[in-house]
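Structure at a glance
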Amino acid sequence: MWLFLLTILTSYPHKLSRFNDILYLYESFTQKPLFMYIGSIDQGTTSTRFIIFDKQGNQISVGQKEHKQIYPQAGWVEHDTNEIWQNTQEVIGLALGKANLSTTDIAAVGITNQRETTVVWNKNTGQPYYNAIVWQDTRVGNMVVELTKDGGVDRFRDKTGLPLATYFSGLKIKWLLENVEGLREDAEQGIAIFGNMDTFIIWHLTGGTDGGIHITDVTNASRTQLMDLKTLAWDNDILATLNIPKAMLPTIKSSSEIYGEARGVLASVPVAGDLGDQQAALVGQTCFAPGEAKNTYGTGCFMLKNTGTKIMPSKHGLLTTVAYQFGNQPVNYALEGSVAIAGSLVQWLRDNLGIIKKSSDIETLAKTVEDNGGCYVVPAFSGLYAPYWKADARGIIAGLTSYVNKAHIARAALEATAFQTLEVLEAMEKDSGIKISSLRVDGGMVVNQTLMQFQADLVEVPVVCPAMIETTALGAAYAAGLAVGYWTDLDDLKQNWGIAHTWKPNMEEAKRDNLVHYWKKAVARSFDWEE
Ligand code: ADP
């Protein structure tokens, strides 16, 4: 058909206006844009991306920029939010420019973000009171200890689905209120406002100090530990316990609806989707049926399983969280296994030890040896998250002998991600009583063949990677596109999913069991370090 249209246009240029009329009539009749795209802002832990997708979920263009990781002291991790907003605008311009598109070609924009990372800024000046405190930051460790004295680590779990940990936003807000001079007064008056990075970007995108909207979605709100999973509203009791003024919190919306209109670099584009990054990947992988799960290998590693409209409590160290809510449809929930350190261990080998120059070198180095040489790396840099939730654990390298060289350490670092995933998967199977038949994967680390093969060997089921691995950005695009009718329904989205690669298990059971045995022993050695 396109060849036919091209022939008509080149042979009969005078017919162009007639052709445009036909397109206009077609679009008015079907109520669907023919040539438009969806934009997606992916504000991640290491970088910010803007990706433009077409109706088949193909990537048309991308702009990407890394931002600084700020480590003021051991266990503290911060981001400069002015830098991130600047990068966001730049990558939008970059992606539009590369594809020669303008804002009128974009039917809607969705936002996905590193979750829990906490920023408080002044709504009159737009300036932050402090750097963003990143999800991996452990500075609130003492608060966790204090709060667990009354009611234990699960005192907020019934309402929020989450254990007390340094991970979630609530305690990070409390720390800011207690440590930044003048902040509490401004917060009580609603001048100092809180957001995760989704809220921060949407506020700036829709006008900032000139009428920017202050909202978040149910998935991001569910990671603050301040929202009741059943009512989907901020919980007054928890707010009172943590002494956080409600006036500083954003309005909670669904993950897919028109929130407002963008200004500036995306002028007039409807802002219509908002999902935390891991929930976005679940949507991007089209895991819409209860029981469907995905595992994302990025800075950390996150497995989410859709549990439908049921809130499923965990007895084996997983989190209960919101999966997504499209418009006024019922909310879907998920079980989640969060691993704090995965790809960031590769970055640590690169930046702190200097044994590789770039992330991809780890595979070349690891392949120079046949196995880990008896060496195990437990990357408990921020304590251990799922399934252990041990804030006092710290990283260790175990099993060192004079035989071990840097290649064994590189291999052990890769294997650590796969071992941690195995333990999360085991917890998920115990919680649900159902064995999975394959594992859908995505994220920056899945290009690593050695890791993916080792993962299949450990979990003993096929590991499946979709053709489009930018599932996080795609999920946010799907949420935005559904809200404006670019995609009609979930079946429309499912058609876009296709397999690029499958890794099949191929390891003797005795060898696998031995590896897992030593891994568990190494994990136990990392406990009870921090006092
Ligand atoms: P995020 O969205 O959390 O910022 P990404 O999905 O972009 O993360 O993945 C980036 C992570 O993947 C980085 O931590 C990087 O070290 C790791 N990574 C990138 N390429 C490779 C590779 N070839 N092998 C192993 N890890 C890699």
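What you see is a predicted model, and the numbers here were worked out from it, not measured in a lab.

Here is what the cut-offs are and how they apply
Residues numbered from 1 in each chain as written. Predicted model: local features only at pLDDT ≥ 70, side-chain atom pairs only at ≥ 80, totals over all residues. Heavy atoms only, no water. Core = buried A, V, L, I, M, F, W, Y, C linked by side-chain atoms within 4.5 Å. Buried < 20%, exposed > 50% of the residue type's maximum accessible area, 1.4 Å probe, protein only. Helix = DSSP H or I, 4+ residues; strand = E, 2+ residues; numbered from the N terminus. Pairing = 2+ DSSP bridges. Axes fitted to C-alpha atoms, helices over the stretch in contact; angles between N-to-C directions. Contact = heavy atoms within 4.5 Å. Polar contact = N/O pair within 3.5 Å; in protein donor to acceptor, adjacent residues only side chain to side chain. 1 Å grid on protein atoms, 1.4 Å probe; cavity = no way out; pocket = protein on both sides within 12 Å on 5 of 7 lines; lining within 4 Å. Points joined across faces, edges and corners; volume = space filled by probe spheres on them. Nonpolar A, V, L, I, M, F, W, Y, C, P; charged D, E, K, R; others polar.

Notes on the nonpolar core
With 100 residues, the main nonpolar core has Tyr167, Tyr297 and Val441 as its most contacted residues. No other element matches helix 14 (residues 406-432), which puts 14 residues into this core. Ile133, Leu176, Leu183 and Met248 belong to the second largest nonpolar core, which has 36 residues in total.

Digging into the sheet that holds strand 2 (residues 47-53)
Hydrogen bonds between backbone groups are what pair the strands of a sheet, and the pairing can be parallel or antiparallel. If you trace the six strands from one edge of the open sheet to the other, you get 3-2-1-5-12-11, paired in mixed fashion. A strand with exactly one partner marks an edge of an open sheet, and here the two such strands are strand 3 (59-66) and strand 11 (256-261). The sheet shows a mean angle of 25 degrees between the axes of neighbouring strands, taken without regard to direction. Here three bridges tie strand 11 to strand 12 (residues 270-276), and the two strands are oriented antiparallel to one another. Across the sheet, the residue bridging to Gly260 is Val271, located in strand 12. The strands touched by helix 11 (residues 277-284) within the sheet are strand 5 (106-113) and strand 12, with strand 12 carrying the most contacts at an inclination of about 105 degrees. Lying on the sheet, helix 16 (residues 471-483) is in contact with strand 1 (37-43), strand 2, strand 5, strand 11 and strand 12; it crosses strand 12 at an angle near 135 degrees.

What to know about the side chain of Glu83
Note on placement: Glu83 falls in helix 3 (residues 81-98). Polar contacts involving the side chain of Glu83 include one to the main-chain amide nitrogen of Lys68, which spans 3.3 Å. Apart from the residues lying within four places of it in its own chain, the contact partners of Glu83 are Glu66, His67 and Lys68.

Quick word on the pairing of strand 16 (residues 332-339)
Of all eight residues in strand 16, eight are buried, a share of seventy percent or more. Covered by surrounding structure in strand 16 are Asn332, Ala334, Glu336 and Ser338 together with Tyr333, Leu335, Gly337 and Val339, the residues of both alternating faces. Of the strand pairs in this sheet, strand 14 (residues 301-306) and strand 16 are connected by six bridges, and their pairing is antiparallel. Residue Lys305 lies in a different strand from strand 16, and its bridge partner there is Leu335. For strand 15 (residues 319-324) and strand 16, the ladder comprises five bridges, and the chain directions are antiparallel. Pairing of Val322 across the sheet is with Tyr333, part of strand 16.

Observations regarding helix 8 (residues 197-205)
Where burial is concerned, most of helix 8 is hidden: nine out of the nine residues are buried. What helix 8 keeps buried is the set Met197, Asp198, Thr199, Phe200, Ile201, Ile202, Trp203, His204 and Leu205. Gly207 sits one or two residues past helix 8 and shows a positive phi near 130 degrees.

Here we look at empty space enclosed by the protein
Tallied over the full model, the rule gives two cavities of 30 Å³ or more. Taken as a whole, the largest cavity spans an internal volume of roughly 100 Å³. What lines the largest cavity is a set of 14 residues, among which Val339, Leu384, Tyr385, Ala386 and Gln420 lie closest to the centre. A per-class count over the lining of the largest cavity returns 11 nonpolar, two polar and one charged. Approximately 40 Å³ is the volume found for the second largest cavity. Elements with a contribution of two residues or more to the lining of the second largest cavity: helix 14 and helix 15 (449-459). Among the residues forming the lining of the second largest cavity, the class breakdown is three nonpolar, one polar and two charged.

Looking at the layout of surface pockets
In this structure, the largest pocket encloses a volume near 1,200 Å³. In terms of lining, the largest pocket is formed by 46 residues, of which the most central are Gly75, Thr138, Phe381, Ser382 and Arg394. Put simply, the parts of the chain that give the lining of the largest pocket at least two residues each are helix 4 (141-148) and helix 12 (343-353). For the lining of the largest pocket, the element with the highest residue contribution is helix 12, accounting for six residues. Within the lining of the largest pocket, the residues separate by chemical class into 17 nonpolar, 19 polar and 10 charged. By volume, the second largest pocket amounts to about 1,000 Å³. Lining the second largest pocket are 39 residues, and of these Thr46, Tyr297, Gly298, Gly444 and Met445 lie nearest its centre. Those elements that provide at least two residues to the lining of the second largest pocket are strand 2, strand 3, helix 11, strand 13 (293-297), helix 12, helix 13 (361-366) and helix 16. In terms of residue count, helix 12 provides more of the lining of the second largest pocket than any other element does, four residues in total. A class-by-class count of the residues in the lining of the second largest pocket yields 10 nonpolar, 20 polar and nine charged.

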